Amino acid sequence: MKSPAFQFYPADYTSSQRVRLLTLEEEGAYINLLCSCWLHGSIPADPAMAARLVGKGCSATLATTVLTMFTPSSQAGRLVHERLERERLKQSDWREKSASGGRKSAELRKGASTTVQPPLANGINQKATLQSSVSSLQSSSTSLAPTHTASVPAAVVAEAPAADCPFPPEVARKQSARELEAESVWALYPKKKGKKDAMREILEAIRTVGIERIRERVQAYAVAVSRWPEDERKYVPDPVRWFKRGNYDDDPETWQRKSANGVPQLEARFDIF
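For clarity, every value in this text was computed on a predicted model and none was experimentally measured.

Engineer: So what about the overall build of the chain? Which residues, and what values?
Structural biologist: Assigned secondary structure in the chain consists of eleven helices and three strands. In the chain, the order of α-helices and β-strands from amino to carboxyl end is α-α-α-β-α-α-β-β-α-α-α-α-α-α. Burial analysis of the chain (273 residues in total) assigns 28% to the buried set. Considering only contacts in the chain between residues 6 or more positions apart, those separated by 24 or more positions represent 67%. When the accessible surface of the chain is split by element, carbon and sulfur atoms take 57% of a total near 18200 Å².

So this is what it looks like as C-alpha cells:
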C-alpha cells in the first residue's frame, strides 16, 4: 500500500540553500513536483512535460530550473528526489517491523489460547482450582489491609497505529542530538560507504571543530565534487578516511577540478532538501 503522505521537516526545508535560492514562482513549482514525485514515484525529466504537469502557466524554462532539484531515476526519462526516497525507505522499514511484530503477537496469542490444563485426578480442572485459591487469598489479604482513599490512575493502553500510518513512531533507540547532527553531515557527504565507521569519525570531527564548521565544509566539498568530470568522481575518498584525516580543513581550491577544455567547473546548488 502506498503511503498518502510523507514527513515534512520545516527546519530542513527553510534552511536549505537550494530552496532559498529559488524564486517564489520556482518554489511553488518545486512543491508541486515534490507532491507528484511522492504520489507517482517519479516525475518526467523532460522540462516541457514537467511544466505541463505543474500547470498554472508554468513555462519549460522555469521547469528546467526546478528539475535540477531532482536526480535521475533508474527508469529512463524519469527523475526522483533523494530526500523523498529516504522517506519511502523509512516508512517501508517501519511497516515491515510493525507487520512482523503483529504476526509474532498473533502467534503468541494463538499458542496461549490452545494450551489445555490437565485435570486433577478427581476430574477438577487444575487451572480453575488454582485461580479459586489465589482469589480467596487475595480477598483475605484485602480485608486485612488498611484502606487508601487516594485514587490510582488507570493504565493507558497505547493503540498500535495503522500499517500505512505516514508518520511512523520511533521504533528504535532515540538518537541523541549529537547523533542527529552527525546524520545530517553524513547526508551531505558525496560518497556513502562504511557508515558505521564514518559516523564515529564525524562525531569526533563535530566534537573538535563544531557542527556549523563541519556542515559548512562538507557542503562546500560536496558542491565541488558535484561539478567534477564524471570519470573523476570515482576518486572521492571514503568518508571515514576524509574525516579522520581532517580533510574538511583543506583549502577549498584543492577540491576544484577542471573540465576537458581546461575551464574550471562552475558551482552547483547542493543541499539536503
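Engineer: Can you tell me about helix α3 (residues 24-40), naming the residues and giving the values?
Structural biologist: With 17 residues, α3 ought to run about 24 Å at 1.5 Å a step, and its terminal C-alpha atoms sit 25 Å apart, in line with that. Every buried residue belonging to α3 is among E26, A29, Y30, L33, L34, S36, C37 and W38, and all of these are buried. The first or second residue beyond α3 is G41, which carries a positive phi of 90°.

Engineer: Would you mind going over the packing of helix α8 (residues 177-188) against helix α10 (residues 211-226) in detail, with residue names and values included?
Structural biologist: Here α8 crosses α10 at 15°, and the two axes come no closer than 9 Å. Considering their axes alone, α8 and α10 lie roughly parallel with respect to each other. At the point where α8 passes α10, the crossing takes the left-handed sense. In this structure, α8 contributes E181, S184, V185 and L188 to the contact, and α10 contributes I211, I214, R215, V218, Q219 and A222. For the contact of α8 with α10, the per-class residue count stands at six nonpolar, two polar and two charged.

Engineer: I'd like a description of the pattern of salt bridges, backed by residues and values.
Structural biologist: Any two side chains of opposite charge can pair, on the condition that their charged atoms come close. For the coordinates displayed, the defined rule picks out 15 salt bridges. A salt bridge links R178 to E181, with the shortest nitrogen-to-oxygen separation between them at 3.2 Å. Taken together, the residues span about one helical turn, with R178 and E181 both in helix α8 at a distance of three residues. By relative accessible area, which is 39% here, R178 ends up partly exposed. Accessibility expressed as a relative area gives 21% for E181, which makes it partly exposed. Two residues, R213 and D249, come together in a salt bridge whose shortest N-O distance is 3.2 Å. Residue R213 is located in helix α10, and its partner D249 is located in the segment after α11 (239-244); the two are separated by 36 residues in the primary sequence.

Engineer: Hey, could you go over the sheet that holds strand β2 (residues 71-72) for me, with residue numbers and the actual values?
Structural biologist: The antiparallel open sheet is built from three strands, whose spatial order is β1-β3-β2. Each having just a single partner strand, β1 (43-44) and β2 make up the two edges of the open sheet.

Engineer: Just give me the short version of the nonpolar core, but keep the residues and values in it.
Structural biologist: If you look at the biggest cluster of nonpolar residues, it comprises 23 residues, and the most contacted ones within it are Y30, L33, I43, V66 and F70. With six residues, the top contributor of residues to this core is α3. Setting aside residues up to four positions removed in sequence, I43 forms contacts with L33, S36, C37, L53, L67, F70, G77, R78 and L79.

Engineer: Kindly report on the confidence of the model for the chain, identifying the contributing residues and their values.
Structural biologist: Model confidence for the chain is summarised by a mean pLDDT of 77, while 70% of its residues fall at 70 or above. The low-confidence segment residues 147-172 (pLDDT under 50) makes 21 contacts with residues lying over four places distant or belonging to another chain. With pLDDT under 50 throughout, residues 263-272 is counted as low confidence; its partners more than four residues away or in other chains account for 35 contacts.

Engineer: Lay out the packing of helix α9 (residues 195-209) against α10 in plain terms, naming residues and giving numbers.
Structural biologist: Orientation of α9 relative to α10, taken along the N-to-C sense of each, is 120°, at an axis distance of 7 Å. With respect to each other, α9 and α10 are oriented oblique. For the pair α9 and α10, contact is made by A205, I206 and V209 and by I211, R213 and I214, respectively. The residue makeup of the contact of α9 with α10, split by class, is five nonpolar, no polar and one charged.

Engineer: An account of helix α4 (residues 47-54) is needed here, citing residue identities and associated values.
Structural biologist: Buried within α4 are the following residues: A50, A51 and V54. All buried residues of α4 project into a common sector of 100° when viewed along the axis, lining one side. As for α4, its buried residues are in contact with α3, β1 and α5 (60-66).

Engineer: Please set out the packing of aromatic side chains residue by residue, giving values where relevant.
Structural biologist: One pass over the structure, following the stated rule, counts 13 aromatic pairs. Residues Y221 and W255 carry aromatic rings whose centres are separated by 5.2 Å and whose planes lie at 75° to one another, so their mutual orientation is edge-to-face. Of the two residues, Y221 sits in helix α10 while W255 sits in the segment after α11, which places them 34 residues apart along the sequence. Accessibility expressed as a relative area gives 4% for W255, which makes it buried. By way of ring pairs, the aromatic residues Y189, Y221, W228, W242, F243, Y248 and W255 are connected into one cluster. Over the ring of W38 we find R88; its NZ or CZ atom is 4.6 Å from the centre of that ring.

Cut-offs used in this document
Residues numbered from 1 in each chain as written. Predicted model: local features only at pLDDT ≥ 70, side-chain atom pairs only at ≥ 80, totals over all residues. Heavy atoms only, no water. Helix = DSSP H or I, 4+ residues; strand = E, 2+ residues; numbered from the N terminus. Buried < 20%, exposed > 50% of the residue type's maximum accessible area, 1.4 Å probe, protein only. Contact = heavy atoms within 4.5 Å. Areas by Shrake-Rupley, 256 points an atom, 1.4 Å probe, with all protein chains shown as cover. Expected span 1.5 Å × (residues − 1). Axes fitted to C-alpha atoms, helices over the stretch in contact; angles between N-to-C directions. Parallel < 35°, antiparallel > 145°, perpendicular 65-115°, else oblique. Left-handed = near helix turned anticlockwise from the far one by under 90°. Nonpolar A, V, L, I, M, F, W, Y, C, P; charged D, E, K, R; others polar. Salt bridge = Lys/Arg side-chain N within 4 Å of Asp/Glu carboxyl O. Pairing = 2+ DSSP bridges. Core = buried A, V, L, I, M, F, W, Y, C linked by side-chain atoms within 4.5 Å. pLDDT = per-residue confidence, 0-100. Arc of directions from axis to C-beta. Phe/Tyr/Trp six-rings, centres within 6.5 Å; stacked < 30°, edge-to-face > 60°. Lys NZ or Arg CZ within 6 Å of the ring centre and 35° of its normal.

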